[in-house]
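Spelled out from the first residue to the last, the chains are:
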Amino acid sequence: MEKISVDHRTIKEGDYVVLKRENVFKAVQVQIKRKVIFEKQWLHLDSVIGQLYGTSFEVAAGGTLQAPKPNPEKNPKETKEAGMDNRNIVDDGRSQKLTRDDIETLKEQGLKGQEIVQQLIENSSTFRDKTEFAQEKYIKKKKKKYDNTITVLKPSTRILALMYHGREPGKICHLRYDTLAQMLTLGNVHAGSKIIVFDTCAGLVLGAVMERMGGYGSVIQMYPGGEPVRAATDNFGFPEHFYKTLHEFPLCKVNLLLDGTLSLDKDQKETVSAVDESNGAMSKAPQDSVQKMGEEVEGEKDSAQASPEVDTMEVTSELPEDKEKEERAARRENKALEKKVKQEEKRKKHMEAAALLQGRNADGLVIAGRFHPTPLVLSLLKFVAPSRPFVIYCQHKEPLIECHTKLRERGGVIGLQLSETWLRHYQVLPNRTHPMLLMSGGGGYILSGITVAMDTATSSGPQKTEEPAPKRQKLQDTES
Amino acid sequence: MSFVEYGEYIQEGDIAIVFLGRESMFPVKAQHGTQTQTKYGVIRHSSDLIGKRFGSKVNCSKGGWVYVLHPTPELWTQNLPHRTQILYSTDISMITMMLELKPGSVVCESGTGSGSLSHAIIRTIAPTGHLYTVEFHEQRAEKAAEEFLEHKVAHLATVKNQDVCKEGFGVVGVADAVFLDIPSPWEAIGHAKAALKEEGGRMCSFSPCIEQVQRTCLAMDELGFKEISTLEVLLRVYDVRSVSLQLPDFGMETQVEGDPKETCTGQQATAICKSGVTPKDMAGHTGYLTFATKSLL
């Protein structure tokens, strides 16, 4: 058992990791002999393989990461010379004697970050006049700039949500990490459930849901367009078996599915295009795949058409131009075959997803993205069982207000709540504790609720609207 | 059904949440022959609950109706009997994500209190994780253990009745995450570090007062914890309503012969729009959350 947990904690080739320097993160895949760029440096990640996750490395010349020394030196806390306040410190920009070139020289000489900071301190004419607090702040600031320590982290929702929010918020519709946290909890996302996810936040929300499912249960991703987007999901580095629980289903087939008229055996549009492309090169098409798709008739036709061409090709195969033609035809054939195989895989996946959705007993619905939430939720809620939570994220409040109204009209939901979270970080230092100077302006909004059995009778018992009627205006003798 | 697994129909012994309205719900244990009183009438368990689908509408004797919901840790938090001040879902969500909890995680927690966070943790770490929870108050520790049993999650939790500051969590080197919600967390940081796995883990301390936070951060730093970060998170709720705004009467456009007073049309026009109205009060503070990472290097 121990061996497995150690293995789990060790960096291996091919792993998806997150590089961290100060508060900057980047998700990369560990591949030998491959350079990655991070914080304006090119790095080789070969030396991190075999090390534990969470290890910090020094960037050596050439971009290799060096394993750290066993005992990192802590700044000796000797009583330094310090001033009382800044009344006599003039900020003329001339207190630092080292020039930019001098610092570059030091860097080239291979001086470590800490040593450069030491040099800066010694060459600053005002350092010893600063107060102790100002000195600490100065050291912290220089360390942040010159310390070249990179930590290799195991990906998690926390780290990836922080990364995306800091680096590419537009890709995730400005979903702030605390908002994502609320969604996962409000949605009661847990192992063994069946959750429907609509995610146009690069797949970050999907990944977060999958992490909380732990490979148990199933996740069905509904997607617009041709393919589901999962760039962020890959960054989580989930093991293979997690992907067995991940399904996808295209939005454009939802109505058919709801109608009960979805048939995935004969999809004429898809097969027609395949036939067009492979025309003239289908002579060697394997009969099994053709039969599976129910195109037996068309397939046979193709082979019949193709054979005379093949005959002519064989006859004239000695000439170089014809050899080229042969090769091109073979490539076309391969491509067409690949496409057919892919389409068959896709069809199978859609069938699996449809089977899961058909029961209309999903345990939850999570929507996050740039699509208008109202039509999405009104349609997708049909697949959710009663007494199950649903969560909708939107960067803007107004669409969710409309959604709230429409859901009230629809009925079959209780506990509707429109909310946002307010997040504030603190600096905690002796005698210097206060909230951070900069804080996030907003992190998006959430509309959440719980499904209940739909009302079939129009009136059964007293009306219990959750929304109190708007106050009536005091009218001033209008009825005259 | 259980708190970690959805069920479809209410069975004897199940907990169900009776929902009368947003501010009015309570948990009930389904038992044959039992009755539950509500302001809309009586609910007879044998005929009205057992065998019904979760989420159904149940008609009560006086003609009114209620919904019966499947329990979740979130609904439990809103309805559990308070033995202490509890953590609410907003903080719980943040803690869950920042401690990187997921199925299989091993977590140490103190104090157990009323079990609000405990239920949420158990739900997240199921089916393969474990929660070691420590409570120094004997009756509260017993009550927590009883509840876990009743909610069919006892196999996922171990309750210890001891003082975490003096004796720790009862386990060492096994936890992925540690959570502290105690008066003097700085006294338990050493035990937290010991409980965490050798290769590293995450910890969190929740304190209402900034002085506690300062002492805790110092202790974390001294014991080699990294990435020490303190934050607070608050929930802002909007009440979606139609609001009616009166439109002003600027008078007639053309002068009418006769009494000048007649220029006021006397029309009462209103415009209606949908708004997310803020409540009069909101929770302004629950506590500060301090997170940190234990790592080898």
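Residues numbered from 1 in each chain as written. Chains lettered and ligands numbered in written order. Predicted model: local features only at pLDDT ≥ 70, side-chain atom pairs only at ≥ 80, totals over all residues. Heavy atoms only, no water.

- Per an unreviewed UniProt entry, chain B carries the name tRNA (adenine(58)-N(1))-methyltransferase catalytic subunit TRMT61A and comes from Huso huso.
- Under the heading Subcellular location (unreviewed entry), UniProt records this for chain B: "Nucleus".
- Looking at chain B in UniProt, the text filed under Sequence similarities (unreviewed entry) is "Belongs to the class I-like SAM-binding methyltransferase superfamily. TRM61 family." (UniProt positions renumbered as here; feature names shortened; annotations may be inferred.)

- If you check an unreviewed UniProt entry, chain A appears there as tRNA (adenine(58)-N(1))-methyltransferase non-catalytic subunit TRM6 from Huso huso.
- The Sequence similarities (unreviewed entry) comment attached to chain A in UniProt states, word for word, "Belongs to the TRM6/GCD10 family."
- Entered under Subcellular location (unreviewed entry) in the UniProt record, the comment concerning chain A runs "Nucleus".

1. As for the sheet that holds strand β6 (residues 65-66) of chain A
Residue and element names in this part refer to chain A.
Then, number 1: Here 5 strands make up an open sheet; going across it, the order is β2-β1-β7-β5-β6 and the pairing antiparallel. Where the open sheet ends on each side, the last strands, each with one partner, are β2 (24-29) and β6.
Then, number 2: Taken together, the 2 bridges between strand β5 (residues 56-59) and β6 define a ladder with antiparallel strand orientation. Its bridge partner lying in β6, valine 59 is registered against leucine 65.
Then, number 3: Packed on one face of the sheet, helix α5 (residues 157-167) meets β1 (16-21), β2 and β7 (149-153) and runs near 115 degrees to β2. (Pairing = 2+ DSSP bridges. Helix = DSSP H or I, 4+ residues; strand = E, 2+ residues; numbered from the N terminus. Contact = heavy atoms within 4.5 Å. Axes fitted to C-alpha atoms, helices over the stretch in contact; angles between N-to-C directions.)

2. Looking at the state of the cysteines
Then, number 1: Within this structure, the stated rule accounts for 0 disulfides over all chains.
Then, number 2: As a non-bridged cysteine, cysteine 204 of chain B has cysteine 217 of chain B as the owner of its nearest cysteine sulfur, 11 Å distant.
Then, number 3: With no disulfide of its own, cysteine 273 of chain B has cysteine 403 of chain A as its nearest cysteine by sulfur position, at a separation of 18 Å. (Disulfide = S-S within 2.5 Å.)

3. Thoughts on the interface of chain B and chain A
Then, number 1: Listed as interface residues are 75 residues of chain B and, on the opposing side, 75 residues of chain A.
Then, number 2: Both sides of the chain B and chain A interface together cover about 6,500 Å² of buried area, and 58% of this is carbon and sulfur.
Then, number 3: The salt bridge partner of glutamate 199 of chain B is arginine 9 of chain A, with a shortest N-O separation of 3.9 Å.
Then, number 4: Run the count over chain B and chain A and you get 23 residue pairs in polar contact (both at pLDDT 80 or more).
Then, number 5: The element best represented in the side of chain B that touches chain A is strand β12 (residues 226-247) of chain B, accounting for 16 residues.
Then, number 6: For strand β13 (residues 413-427) of chain A and β12 of chain B, the ladder comprises 9 bridges, and the chain directions are antiparallel. (Buried area = accessible area lost by both parts, 1.4 Å probe. Salt bridge = Lys/Arg side-chain N within 4 Å of Asp/Glu carboxyl O. Polar contact = N/O pair within 3.5 Å; in protein donor to acceptor, adjacent residues only side chain to side chain.)

4. Looking at the packing of α5 of chain A against helix α6 (residues 177-186) of chain A
All names here are of chain A.
Then, number 1: Put simply, α5 and α6 touch, their axes get as near as 9 Å, and they point 140 degrees apart. Between α5 and α6, the crossing angle belongs to the class labelled oblique. Note on element contacts: α6 touches α5 through Tyr177, Leu180 and Leu184, opposite Thr157, Ala161, Leu162 and His165.
Then, number 2: In terms of residue class, the contact of α5 with α6 is made up of 5 nonpolar, 2 polar and no charged. (Parallel < 35°, antiparallel > 145°, perpendicular 65-115°, else oblique. Nonpolar A, V, L, I, M, F, W, Y, C, P; charged D, E, K, R; others polar.)

5. Considering the pairing of strand β14 (residues 288-295) of chain B
All names here are of chain B.
Then, number 1: Judged by how many residues are buried, β14 sits mostly within the fold: 8 of 8 residues are covered.
Then, number 2: Pairing geometry for strand β11 (residues 200-207) and β14, over 8 bridges, is antiparallel. Bridge assignment links glycine 201 to a residue of β14, and that residue is lysine 294.
Then, number 3: With 4 bridges connecting them, β12 and β14 associate as antiparallel partners. Paired with serine 229 across the strands is phenylalanine 291, a residue of β14. (Buried < 20%, exposed > 50% of the residue type's maximum accessible area, 1.4 Å probe, protein only.)

6. Remarks on the packing of aromatic side chains
Think of a pair of aromatic rings as described by two things: how far the centres are apart, and how the planes are tilted against each other in angle.
Residue and element names in this part refer to chain A.
Then, number 1: This model, assessed by the stated rule, comprises 8 aromatic pairs over all chains.
Then, number 2: Geometrically, the ring pair formed by phenylalanine 198 and phenylalanine 371 is edge-to-face, given 5.3 Å between the ring centres and 75 degrees between the ring planes. Of this pair, phenylalanine 198 sits in strand β8 (residues 194-199) while phenylalanine 371 sits in the loop between β11 (364-368) and α15 (373-380); the two residues are 173 residues apart in sequence, bridging distant segments of the chain.
Then, number 3: Overall, phenylalanine 198 belongs to the buried group, its relative accessible area being 1%.
Then, number 4: Between phenylalanine 238 and phenylalanine 242 the ring centres are 5.0 Å apart and the planes differ by 15 degrees, which places this aromatic pair in the stacked class. (Phe/Tyr/Trp six-rings, centres within 6.5 Å; stacked < 30°, edge-to-face > 60°.)

7. Thoughts on the side chain of threonine 151 of chain A
Residues and elements named next belong to chain A.
Then, number 1: Within the secondary structure, threonine 151 is located in strand β7.
Then, number 2: For threonine 151, a relative accessible area of 15% gives the class buried.
Then, number 3: A polar contact of 3.0 Å, which involves the side chain of threonine 151, links it to the side chain of serine 56.
Then, number 4: For threonine 151, the residues in contact, after removing those within four places along its chain, are Val18, Leu19, Lys20, Gly54, Thr55 and Ser56.

8. Describing a positive patch on the surface
Residues and elements named next belong to chain A.
Then, number 1: On the surface, Arg100, Lys137, Lys141 and Lys145 cluster together into a positively charged patch.
Then, number 2: Considering each element in turn, the positive patch owes the most residues, 3 residues, to helix α4 (residues 132-146).
Then, number 3: A residue is classified by how much of its surface remains accessible, and lysine 145, at 57% relative accessible area, is exposed. (Patch = residues over 30% accessible without salt bridge, like charges linked within 9 Å, V, L, I, M, F, W, Y side chains within 5 Å. Areas by Shrake-Rupley, 256 points an atom, 1.4 Å probe, with all protein chains shown as cover. Lys, Arg positive; Asp, Glu negative; His and termini not counted. Charge placed at Lys NZ, Arg CZ, Asp CG, Glu CD.)

9. Things to note about the confidence of the model for chain A
Residues and elements named next belong to chain A.
Then, number 1: Model confidence for chain A is summarised by a mean pLDDT of 83, while 80% of its residues fall at 70 or above.
Then, number 2: Taken together, the stretch residues 1-5 has pLDDT below 50 and engages in 1 contact with residues farther than four places along the chain or on a different chain.
Then, number 3: Per-residue pLDDT stays below 50 along residues 458-480; that stretch engages in 31 contacts with residues further than four places along the chain or on separate chains. (pLDDT = per-residue confidence, 0-100.)

10. Quick word on the sheet that holds strand β5 (residues 57-59) of chain B
Strand pairing in a sheet is mediated by backbone hydrogen bonds. Such pairs are either parallel or antiparallel.
Residue and element names in this part refer to chain B.
Then, number 1: Here we have 4 strands laid out as an open sheet, ordered β2-β1-β6-β5, and antiparallel in their pairing. This sheet does not close on itself; its edge strands, each paired only once, are β2 (24-29) and β5. Taking each pair of neighbouring strands and ignoring which way they run, the sheet shows an average axis angle of 35 degrees.
Then, number 2: By the bridge criterion, 3 bridges tie β5 to strand β6 (residues 65-69) in an arrangement that is antiparallel. For asparagine 59, the partnering residue across the bridge sits in β6 and is tryptophan 65.

11. A few points about the pattern of salt bridges
Then, number 1: All chains considered together, the criterion is met by 29 salt bridges over all chains.
Then, number 2: Put simply, glutamate 227 of chain B and arginine 158 of chain A hold a salt bridge, and the shortest N to O gap is 3.5 Å. Here glutamate 227 of chain B, found in strand β12, pairs with arginine 158 of chain A, found in helix α5, and the two come from separate chains.
Then, number 3: Residue classification places glutamate 227 of chain B among the partly exposed residues on the basis of a relative accessible area of 31%.
Then, number 4: Salt bridges here are not isolated pairs; linked through shared partners, they connect Arg9 of chain A together with Asp176, Lys197 and Glu199 of chain B.

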